[in-house]
Amino acid sequence: MSFLEPAPLLGGAPYTVPQEPREAWLALAAGIDPEVAQYFLVSARCGCFMQAARSLNIKATLLRKQLALLEEHLRRSLFCYQGNALSLSREGLQLQAQLIALAHQRRLPVVEQPLIRLAVAETILHDILGRDLIALLRRNASARLEIISIDSDLSLRALSADLVLWLAAEDSPLPGPSFAIREPQPLARIGYLPHIAKRYSRVAARPDSLDDLTDYMLVQWQHDRQIEPFRPWNSLVEQRLAGVVHVHSYELMLEMIRCSACIGLLPQYISRFDRGLTALPGLFNEHMQRRAWLAVNAEVEHEEQVQQLVDLILHTFTERQEWFV
């Protein structure tokens, strides 16, 4: 064998030390920083560094770095992979047992997260903000967030929240929340048009006048009945003696348009969210528009956490600015 060839590694763990008595492990465990000990215990419990990082609300790279430093300090490998599953090595199991034994003495802290209440108009929550909120929670499994869906002006007036995102007139945030809020911030202006599923209407045969709607069923979300900018559409629905269905669920209205050849009033951006839907412009002379408004509770307690949500919402609307009027 050439002396320039590296000898192959035999065995698994890079650190091999003889079995040590319990007292030695107890001393090692007692000298570990409580925060690092928590990192190790959560990782051991989750069996996944990514999930452990989410639970601890830190970056996975930081978690891996701290655990690598811990292994370097102890001169022992604490984790190993069995197939694709992360598990503890023999030394890791010994350390885990001693840290659990010390837990009652140390009282390893569980940091209580503040409860943040976010109220969002149902259409915005479903179409625009939902995916980004899910991504936020995917990154931070320790967050405490209450998400309140606003499906009517009455529910908007009745709720209490730290942050509220609602729909109102273009030039005024009224009607708005009943609790005291800071200066409302105008966001996107949203236009509305009747929509139909592409699968049920060929381009050449799509209705382009109100008379052409006679042979189509209309679907009306009940929340929209009292909204003044939607008066042209609401008047059309009210005149119908047949071929109309009223629903109390926004998602059900979407499904009826997608799957039942119905025509319903939807935000103009909806075709970007669902490419199976297409708008029917030119049916009404009047523009039907509303504006999204954002406001923070005047007596909010957790400024930092609420501001993170504000930044998330502003970023989401900026990214989707082409969706709006």
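- The protein chain appears in an unreviewed UniProt entry as LysR family transcriptional regulator from Pseudomonas sessilinigenes.
- Turning to the protein chain, the UniProt annotation filed under Sequence similarities (unreviewed entry) states: "Belongs to the LysR transcriptional regulatory family."

Examining the overall build of the protein chain
- Counting secondary structure elements, the protein chain contains eleven helices and eleven strands.
- Sequence-distant contacts in the protein chain: of pairs separated by 6 or more residues, those separated by 24 or more amount to 74%.
- With an accessible surface of roughly 18,400 Å², the protein chain has 52% of that area assigned to carbon and sulfur atoms.

Considerations on the nonpolar core
- By size, the foremost hydrophobic cluster in this structure holds 58 residues, and its most contacted members are Ile124, Leu163, Leu165, Trp233, Ile313 and Phe317.
- In contact with Ile313, not counting residues within four places along its chain, are Leu118, Leu129, Leu163, Leu165, Leu187 and Leu294.
- One finds Ala29, Ile32, Ala52 and Leu88 within the second-largest nonpolar core, a separate group that totals 25 residues.

Remarks on the pairing of strand 3 (residues 115-121)
- Counting buried positions along strand 3 yields five of seven residues, so the element is predominantly enclosed.
- Where strand 3 meets strand 4 (residues 144-150), seven bridges bridge the pair, whose relative direction is parallel. Bridged to Ile116 within strand 4 is Leu145.
- Note on the crossover from strand 3 through helix 6 (residues 122-139) to strand 4: the handedness is right-handed.
- Judged from the three bridges that link them, strand 3 and strand 5 (residues 163-168) form a sheet pairing that is parallel. Its bridge partner lying in strand 5, Val120 is registered against Leu165.

Some words on the side chain of Arg320
- For Arg320, the position within the fold is in the segment after helix 11 (303-319).
- Among the residues examined, Arg320 registers a relative accessible area of 13% and is labelled buried.
- Not counting residues within four places of it along the chain, the set of residues in contact with Arg320 comprises Ile128 and Asp132.

Considering the confidence of the model for the protein chain
- On average, residues of the protein chain score 86 in pLDDT, and 89% of them reach the 70 mark or higher.
- Note that residues 1-18 has pLDDT below 50 and, in this model, ten contacts with residues that lie over four places away or in other chains.

Rules used throughout
- Residues numbered from 1 in each chain as written.
- Predicted model: local features only at pLDDT ≥ 70, side-chain atom pairs only at ≥ 80, totals over all residues.
- Heavy atoms only, no water.
- UniProt positions renumbered as here; feature names shortened; annotations may be inferred.
- Helix = DSSP H or I, 4+ residues; strand = E, 2+ residues; numbered from the N terminus.
- Contact = heavy atoms within 4.5 Å.
- Areas by Shrake-Rupley, 256 points an atom, 1.4 Å probe, with all protein chains shown as cover.
- Core = buried A, V, L, I, M, F, W, Y, C linked by side-chain atoms within 4.5 Å.
- Buried < 20%, exposed > 50% of the residue type's maximum accessible area, 1.4 Å probe, protein only.
- Pairing = 2+ DSSP bridges.
- Right-handed = clockwise from strand over helix to strand, strands pointing away.
- pLDDT = per-residue confidence, 0-100.

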